[in-house]
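Residue strings, one per chain:
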Amino acid sequence: MPAQGKHRRPKSTSLSRGLAAVTTGGAVLALPVIGATSAFAAPAPAAAPQQAVAPASAPQANSAAKTAPAKHSVVAGETLSKIAREHSVSGGWEKLYEGNRKIVGENPDLIHPGIKLVLGGQAAASSDDKPAKSSPSAARGASADRADRSERIEAAPAAKAAPAAEKAVTYTNDLDGWIKESLAVMAEQGIPGTYEGIHRNIMRESSGNPAAINNWDSNAVKGTPSKGLLQVIDPTFQAYHVPGTSTDSYDPVANITAACNYAADRYGSIDNVFGAY
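In this report, the structure presented in the accompanying data block is examined. Keep in mind the model is a prediction, meaning the values are calculated, not measured. (Residues numbered from 1 in each chain as written. Predicted model: local features only at pLDDT ≥ 70, side-chain atom pairs only at ≥ 80, totals over all residues. Heavy atoms only, no water.)

1. Regarding the overall build of the protein
Assigned secondary structure in the protein consists of twelve helices and four strands. Looking at the protein residue by residue over its 277 residues, the buried ones come to 27%. A sequence separation of at least 24 residues applies to 48% of the contacts in the protein between residues at least 6 apart. (Helix = DSSP H or I, 4+ residues; strand = E, 2+ residues; numbered from the N terminus. Buried < 20%, exposed > 50% of the residue type's maximum accessible area, 1.4 Å probe, protein only. Contact = heavy atoms within 4.5 Å.)

What follows is the structure, encoded as structure tokens:
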């Protein structure tokens, strides 16, 4: 038996099977078959409506505008304190100076007209912040302001150094204190005399006893005995009494000042008296 040649039966493709089905069945099945094996691009989905996107630069610009520190251009006659007060700078002039130290310099009392001060934040020195050339009138105003400021600075220590109201001087209640108090009253009244001259005559007349009285001399016989430290009779005391002192002739200060007033009138000064007077 002749050997039969082996032939590989070709496999029909999906397209062939589809065509065969069309032939035998009479129904048009090619489109579904072809559709099952062929890829069609799905209809593109409707494009989603684009949302309007605000430019990113706008908010940033607004934010920058809000946060950008304000500037102030200095004019003649202004001070850091005045500028800080007018613009309500938090921290006052000290904070304003701290933020503008590079522009102002080391002396906060001297700011040049034309420089621009940053009212918030830190300022960097730039060419725009250099002092502008001022007119002669502005220069004169700045000079006047500096002179006025210098006067205030110089006057401030003087005001601080002004002594407080003088305290009332107190004197000891003894011969030394009586003489010193009498000398103070005499100086106010223009009555001459020294501590030594008064002390010398007191020791001779009463030995420093303010209650001393002479009841034996001619004045005592007349009813007007000599009294007190400088042994003054009542008529003399009354005639030469110094206002502001006691009217009691035994009072040490009143007795001394009245006696010195009498001695000045008769002898030129109590210093010129060396005996009974």
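That covers the picture; the talk isn't over yet.
2. Examining the side chain of Asn 201
Position of Asn 201 among the secondary structure elements: in helix H9 (residues 195–205). Engagement of the side chain of Asn 201 in a polar contact is seen with the backbone oxygen of Gly 197, the distance being 2.9 Å. Within the structure, Asn 201 has its side chain in polar contact with the side chain of Arg 204 (distance 2.7 Å). If near-sequence neighbours (up to four positions away) are discounted, Asn 201 is found in contact with Leu 230, Ile 270, Val 273 and Phe 274. (Polar contact = N/O pair within 3.5 Å; in protein donor to acceptor, adjacent residues only side chain to side chain.)

3. Details of the packing of helix H8 (residues 175–189) against H9
Between H8 and H9, the shortest axis-to-axis distance is 10 Å and the interhelical angle comes to 130°. Viewed along their axes, H8 and H9 adopt a mutual orientation that is oblique. Like other packed secondary-structure pairs, H8 and H9 cross with a definite hand, here right-handed. Each of Leu 175, Asp 176, Ile 179, Lys 180, Leu 183 and Met 186 in H8 lies in contact with H9, whose residues at this interface are Tyr 195, Ile 198, His 199, Ile 202 and Met 203. Per-class residue counts for the contact of H8 with H9 are eight nonpolar, one polar and two charged. (Axes fitted to C-alpha atoms, helices over the stretch in contact; angles between N-to-C directions. Parallel < 35°, antiparallel > 145°, perpendicular 65-115°, else oblique. Left-handed = near helix turned anticlockwise from the far one by under 90°. Nonpolar A, V, L, I, M, F, W, Y, C, P; charged D, E, K, R; others polar.)

4. Side note on the packing of H8 against helix H12 (residues 252–267)
Relative orientation of the contacting elements H8 and H12 amounts to 50°, with a least axis distance of 9 Å. If you check the angle between H8 and H12, you find them oblique. Taken as a pair, H8 and H12 cross one another with a handedness that is right-handed. Here Trp 178, Ile 179, Glu 181, Ser 182, Val 185 and Met 186 of H8 lie close against H12, whose contacting residues are Pro 252, Val 253, Ile 256, Thr 257 and Cys 260. When grouped by side-chain class, the residues that make up the contact of H8 with H12 number eight nonpolar, two polar and one charged.

5. Side note on the side chain of Asp 217
Assignment of secondary structure puts Asp 217 in the loop between strand E3 (213–214) and helix H10 (218–221). A polar side-chain atom of Asp 217 sits 3.0 Å from the main-chain amide nitrogen of Ala 220.

6. Structural notes on the pattern of salt bridges
Applying the stated criterion to the full structure yields five salt bridges. Arg 101 is the salt-bridge partner of Glu 106, the closest N and O atoms lying 3.0 Å from each other. Note on Glu 106: relative accessible area 63%, which makes it exposed. Judged by its relative accessible area of 40%, Arg 101 is partly exposed. In this structure, Glu 196 and Arg 200 form a salt bridge, with 3.3 Å as the shortest nitrogen-oxygen distance. Linking Glu 196 with Arg 200, this pair stays in helix H9, spanning four residues, or about one helical turn. When its relative accessible area of 49% is taken as the criterion, Glu 196 is described as partly exposed. (Salt bridge = Lys/Arg side-chain N within 4 Å of Asp/Glu carboxyl O.)

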